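Here is what each chain is made of, one letter per residue.
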Amino acid sequence: MNRRPDSPASSSLEQAVAWRVRLTESPELFREGFSAWLASDPANEQAWRAVQTPWLFLGEQSASPGVVRLRRSALVHAYNALRSNWLRAKLRRPPVRLAAAACVLFAFTAGLIWWQHRPVVYRTGPGEQRSVRLADGSRIVLDASTEVTVRYTADARSLALVRGQARFDDVHDPLRPFTVTVDGRKVVATGTAFDVNLIGSQLQVTLLKGHVVILPAGASVKPFLRVGAPGGNPHMADVAVTGIPPNLDRIALDPGEQLVVAAHAAPRVTRVDVRRVTAWQRGQLVFRNEPLEQVLASIDRYIPEPIIAGDARTESMRISGVYQEGDVDGFVGTITHYLPLRAHVRANGTVVLTYQASNPAASGPPTRR
């Protein structure tokens with residue numbers, strides 16, 4: 001059954017368009033009023049999603065000139081309709097229809113684009129770092145040889161770390177949980193900064209500030225609002241989590257804690273030096289008694305040709321130290337000086353480290369073969 005323009009749903013839709021315009025122009029001025037309006041009626045939340053879904057999509061695709069023009073045009077249509085409504089109160093109904101029509105046109109046009117695009121993908125190559133500001137103000141810093149996918153909807157901000165390492169600084173949104181899926185886990189954040197490192201067969205999640213919960217990747221995370229007591233905050237945000245297997249609980253981290261998930265080992269949470277974990281953002285790699293196999297996996301992100309361990313004994317050796325990203329000669333020279341290792345450079349540029357029983361202090365540069 002079709003609803004009349006003056007039905008409650010149409011009224012909520014008109015108000016949602018108005019709030020979208022106001023928040024675009026002056027977010028700080030209208031944020032408190034918007035929160036109260038959103039919590040006052042479930043129909044308001046539904047109408048807001050109808051307006052916000054295509055808007056967020058266009059924000060996610062903002063690098064496209066065509067999308068920029070479409071978004072600007074949609075906002076102008078909605079703004080003009082609502083401005084006419086405010087200035088001519090006695091002629092409310094035509095502007096109401098115009099505002100709703102602009103919103104429907106906006107959603108329809110964006111919907112056509114939606115099905116033609118995959119999630120936005122951000123990548124870096126060897127030795128490259130990149131900082132990305134997302135549509136909601138959240139930020140991702142990608143380390144070298146890293147790939148992150150991003151999909152924003154009205155209900156969720158779903159990201160995935162495909163490979164590499166990245167820092168995530170999310171802006172809290174009570175209606176859209178911020179999640180990062182990686183290696184069978186889902187990190188759920190609310191106004192948080194955290195580092196995720198997928199290194200070899202090991203996953204490391206380090207909380208820098210705020211609060212995160214790590215769940216199985218299949219867990220469903222949905223927002224909900226809890227109405228506050230009279231005289232208190234109009235609403236507060238939380239997330240509802242479902243679909244967690246009974247034998248696998250959530251893991252919560254405090255700032256300065258790191259979750260390590262490795263094959264054939266139980267997940268463990270330890271306190272770490274945050275500056276050491278984030279040293280890659282300052283161009284350094286810091287290792288403390290770590291197996292050489294894992295160290296090489298980190299270093300290989302910054303160089304065009306890999307450094308590999310030629311035998312199991314070499315892989316298991318542990319090293320410590322501070323190294324500059326991309327300084328292959330400095331790294332190889334240091335470890336072959338202090339460890340019983342010999343370096344060979346293949347014709348394709350790959351450096352192979354192998355164990356040798358004795359290692360003279362003046363062993364010289366790596367040999368080539």
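Refer to the preceding data block for the structure.
None of the values given here were measured: they were computed from a predicted structure.

Summed over all chains, the structure comprises 9 salt bridges. When the shortest N-O distance is used, the salt bridge between Glu147 and Arg123 registers 3.3 Å. A residue pair is termed long-range when its members are at least 10 positions apart, and Glu147 in strand S4 (residues 147-152) and Arg123 in strand S1 (residues 120-123) qualify at 24 residues. Overall, Glu147 belongs to the buried group, its relative accessible area being 13%. The class for Arg123 is partly exposed, based on a relative accessible area of 47%. The closest approach of N and O atoms between Glu290 and Arg276, which form a salt bridge, is 3.3 Å.

A separate point is the packing of aromatic side chains. Summed over the entire model, instances satisfying the criterion amount to 8 aromatic pairs. Look at Trp19 and Phe34: their rings are 6.0 Å apart centre to centre, the planes differ by 65°, and that puts the pair in the edge-to-face class. Note that Trp19 is positioned in helix H1 (residues 8-25) and Phe34 in helix H2 (residues 27-40), a separation of 15 residues in sequence. As far as burial versus exposure is concerned, Trp19 and Phe34 are alike and both buried. Three or more aromatic residues joined by ring pairs form one cluster here, namely Trp19, Phe30, Phe34, Trp37 and Trp48. Over the aromatic face of Tyr355 sits the side chain of Arg313, whose NZ or CZ is 4.0 Å from the ring centroid.

In this section: helix H9 (residues 328-338). For H9, the complete set of buried residues consists of Phe331, Val332, Ile335 and Thr336. Taken around the axis of H9, the buried residues stretch over an arc of 115°, which confines them to a single face. For H9, the exposed residues lying more than 90 degrees away from the buried face are Asp329 and Tyr338. The inward-facing, buried residues of H9 contact helix H7 (292-299), strand S17 (307-309), strand S18 (318-324), strand S19 (341-345) and strand S20 (351-355). Capping the start of H9 is the job of one residue whose side-chain oxygen sits 3.0 Å from the backbone nitrogen of Gly330: Asp327.

The rules behind these values
Each chain carries its own residue numbering, running from 1 in the written order of its sequence. Per-residue local features are limited, in this predicted model, to residues with pLDDT of at least 70; the limit for side-chain atom pairs, both in listing and counting, is 80 or more; totals at the level of whole chains, interfaces and linings are taken over all residues. Calculation of side-chain values draws on the structure's entire complement of heavy atoms; hydrogens and water are dropped beforehand. Only one rule defines a salt bridge in this text: a Lys or Arg side-chain nitrogen within 4 Å of an Asp or Glu carboxyl oxygen. Runs of E in the DSSP output that reach at least two residues are strands. Runs of H or I that reach at least four are helices, and both are numbered from the N terminus. Throughout this description, buried means an accessible area under 20% of the type-specific maximum (1.4 Å probe, protein chains only), exposed means over 50%, and partly exposed covers the range between. To pair, rings of Phe, Tyr and Trp, with the six-membered ring standing in for Trp, must have centres within 6.5 Å; the planes then decide the type, stacked if under 30 degrees apart, edge-to-face if over 60, and tilted in the middle. Put simply, a charge is over a ring when the Lys NZ or the Arg CZ is close to the ring centre, within 6 Å, and near the line of the ring normal, within 35 degrees. Throughout, the arc means that of the directions going from the helix axis to the C-beta atoms. In what follows, residue pairs with any heavy atoms lying within 4.5 Å of each other are defined as contacts. Two N or O atoms form a polar contact when they lie within 3.5 Å of each other; inside protein one atom must be a possible hydrogen donor and the other a possible acceptor, and for residues adjacent in sequence the pair counts only when both atoms belong to side chains.

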